[in-house]
Structure formats: C-alpha cells, structure tokens
Amino acid sequence: MGTVGTAGTGADGTAGERGRLINVAYRLLGSVTEAEDAVQDAYARWYGLPRGRREEILSPGAWLTTVTGRICLDLLGSARARRERYVGAWLPEPLPDRAEWDRAGASADPADPADRIVQDESVTMAFLVVLESMTPAERVAFVLHDVFRYPFAEIAGVLGRTPAACRQLAASARRRVDTAHGPAPAAGRADVVRHVKEAWETKDIAALVGLLDPAAVMTADGGGMVGTVLHPVEGGARIARYMVAIADRAPGLELLERSVNGAPGLVARRDGVVATVASFDVAEGRVARIWVVRNPEKLRPWARDFPDAPQGPPRHG
C-alpha cells in the first residue's frame, strides 16, 4: 500500500492518497465513520495551507499520513474516556465484503469509505480487538510499521518521539499480538461457522456445545440502542444456551453466511433488515471467541448487502 514517503499523483500530489489514508485510519480507530472524518480533517488542513507552503512540501502523501496519524492519535486518547460512558462493550465496526454487494446486485457507491478498505488479516475482528488492548502510541507505531511498513524515522514525526522510542512501542505492541493465537485456515473457519449456523437454526444445544471451546467468550455491542447482553458471556455451554434462547425469542430470524472483515461470519436479518453481524475466532476446530455487533449505527454499510431490504433500524430480537 506504499510507504509514508510515497507521494500521490496529480497537481498537488494528493490524488489517490485518500484510499490509503482511510486504510490506515480504520486500522487505527476501528471505525469507518471516524476514519473518514479523520481523513477529511487531514485534507481540510492540507487545503488550508497557503499555496506557497503546499508547494514547498516535497511529499504531500507523507504530510497527509503524518497529519492523519496525529489526528487518529488524539482520537484514540479521547476514545478511552468516551468508551467508559458507552453502554455495554464497545466493538470495532464490522466490514462487509465488497464482493457480497456485487453478487447481491447492489449499486456500489465509490465514495463510500468502506469500499476503499483492503481486507486482510489486519482487519479481522480478532486482530482489531487486540489492537484495542494497546496504548494509543503502541497502536500507531505498530500499525504504521508492522502493517504498512512505514519507517520509524517517519513514525517519529507522527508520535513526536525518537525513532528508537517508536521501535520500542512497536515491539511492545507486537508482544501483545504474539500472545494471541494465529488465525485458523480460511477453509476450516468457514466449515466451523457453517456448522454453528446449522446448529443455531435447529436449536441444537448439544451440537453448539461441541462446536464451542469450553472457555469460549461471546461479547456483544448494542451501544445501548438495542437489547443485548451488557457483559461477555463466558463458557461454551452458557453461550450455546444463550444462542438458542435468542432463536426462541426471534421467530423468523434469517441467518446468512457472509464475509465479515475478510473472515467467515454470520449475518442475521429479520424482515429483510440486518440486525446482527457476528464474527468468529476459531482455534483448533472450535470457536474460541464470538463478537456480536447489533448497534445499528455500526451496521449502516450492511444495508446495501441486501438492496431489496427496507431501510430502518434493526428491531430487537
């Protein structure tokens, strides 16, 4: 995706930079909306410079990346206070796969920032959740260096620290990532998720328990806007019973296999409206973690997954 010193094309060198900046900002913030806002802010500052000053900047792409990184760093610092007031658990915004929209026949809007995000292992929900455990400075250093291969000399300009200090921050963040197990093969993950879907649809508690790690954890994000558990549900048996209870209370809930942040996941819709997006972390053939996003503000990109669906907030089920 280029390095911090890679200039864009165009009269002032900024054309074509937006997609790369949104990719950086989403990984830093875990929010498509906030990533777009951060990049918009960076561009506003760029065009707010006197023309002579802009012409003096040899690499507009590097300048925009530095400014975007600083904006994200500030947002990460304030996000901790905001999330203390958040109702229940906060999870990153789930990303639909562009291919799903194409197959659904949706007319994609090229201006949508979600369209520009390259989906790889660095945007899986498991990876983003690990990033959430880092300090803001660790996250910026790690994402810019380990994910986007920016040199520490350039990252130092974002963090206002020495290159050596940035290297230490990235190393500390890397240790957090290394403690998490690696992702299961894609085919294996898809099979497990498919079996979970089938067992959930048939309300087969025994089958669900067999698919879930005994120490599995399910975390849900409703944002206080829709009903969901406010605290993680721990233990495979408890999660299985909870899932079946949901199915009992929500007749007509339709489950669909969908790519979520580039990995196999499930989408639940009712009356054509996407109400829930679930991500799974699979280890040794069993589900170790489930992340459930029900906050309708985080599900807006998913409305296009089903162009025939009526618009409106998901109903509690």
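Before reading on, note that the structure itself is shown above.
Residues numbered from 1 in each chain as written. Predicted model: local features only at pLDDT ≥ 70, side-chain atom pairs only at ≥ 80, totals over all residues. Heavy atoms only, no water.

Let us look at the nonpolar core. With 50 residues, the main nonpolar core has Y26, V140, F142, I155 and L159 as its most contacted residues. Contacts of L159, omitting those with residues within four sequence positions, involve L73, A137, V140, A141, C166 and L169. Residues V196, L212, V287 and V292 belong to the second largest nonpolar core, which totals 28 residues. (Core = buried A, V, L, I, M, F, W, Y, C linked by side-chain atoms within 4.5 Å. Buried < 20%, exposed > 50% of the residue type's maximum accessible area, 1.4 Å probe, protein only. Contact = heavy atoms within 4.5 Å.)

A separate point is the environment of G160. Checked against the element boundaries, G160 lands in the loop between α8 (152–159) and α9 (163–179). It is 10.0 Å that separates the C-alpha atoms of G160 and A137, two residues lying 23 residues apart in sequence. (Helix = DSSP H or I, 4+ residues; strand = E, 2+ residues; numbered from the N terminus.)

Below, the discussion takes up the packing of helix α7 (residues 136–147) against α9. Running from N to C, α7 and α9 point in directions that differ by 90 degrees, and their axes come no closer than 8 Å. Taken as axis vectors, α7 and α9 run roughly perpendicular relative to one another. Here α7 contributes A137, E138, A141, F142, H145 and D146 to the contact with α9, which in turn contributes C166, L169, A170, S172, A173, R174, R176 and V177. In terms of residue class, the contact of α7 with α9 is built from 8 nonpolar, 2 polar and 4 charged. (Axes fitted to C-alpha atoms, helices over the stretch in contact; angles between N-to-C directions. Parallel < 35°, antiparallel > 145°, perpendicular 65-115°, else oblique. Nonpolar A, V, L, I, M, F, W, Y, C, P; charged D, E, K, R; others polar.)

A separate point is the pattern of salt bridges. Counted under the stated rule, the structure contains 15 salt bridges. Between R139 and E132 there is a salt bridge; the shortest N-O distance is 2.7 Å. Of the charged contacts, one joins R194 and D191 as a salt bridge, the two residues approaching to 3.3 Å between their closest N and O atoms. Of this pair, R194 and D191 both sit in helix α10 (residues 186–201), 3 residues apart, roughly one helical turn. (Salt bridge = Lys/Arg side-chain N within 4 Å of Asp/Glu carboxyl O.)

Let's shift gears to unusual backbone geometry. With phi around 55 degrees, N261 is a residue other than glycine that occupies positive phi space. Residue placement: N261 occurs in the loop between β3 (254–260) and β4 (263–270). The residue D271 is not glycine, and still its phi comes out positive at about 55 degrees. Along the chain, D271 falls in the loop between β4 and β5 (273–283).

Our focus in this paragraph is the packing of aromatic side chains. If you walk through the whole model with that rule in mind, you get 4 aromatic pairs. A centroid spacing of 6.4 Å and a plane angle of 20 degrees characterise the contact between Y43 and Y47, whose relative ring orientation is stacked. Note that Y43 and Y47 are positioned in helix α2 (residues 32–48) at a spacing of 4 residues, about one turn of the helix. When the centroid spacing of 6.0 Å and the interplanar angle of 35 degrees are considered together, the rings of F127 and F142 count as tilted. Here F127 is found in helix α6 (residues 125–132), whereas its partner F142 is found in helix α7, with 15 residues between them in sequence. Just as F127 is buried, F142 falls in that class too. (Phe/Tyr/Trp six-rings, centres within 6.5 Å; stacked < 30°, edge-to-face > 60°.)

Of all the 10 residues making up strand β1 (residues 212–221), 7 are buried; the element is thus mostly covered by neighbouring parts of the structure. Where β1 meets strand β6 (residues 286–293), 6 bridges bridge the pair, whose relative direction is parallel. Within the sheet, the bridge partner assigned to T219 lies in β6 and is W291. Relative to strand β2 (residues 233–234), β1 runs antiparallel, the two sharing 2 bridges. Paired with V217 across the strands is E234, a residue of β2. (Pairing = 2+ DSSP bridges.)

Before going further, it helps to examine the sheet that holds β6. Taken together, the 6 strands give an open sheet; going across it, the order is β2-β1-β6-β5-β4-β3, and neighbouring strands pair in mixed fashion. Looking at which strands have only one partner, the edges of the open sheet turn out to be β2 and β3. Each of β1, β2 and β6 touches helix α12 (residues 236–249); the most contacted strand, β1, lies at about 50 degrees to it.

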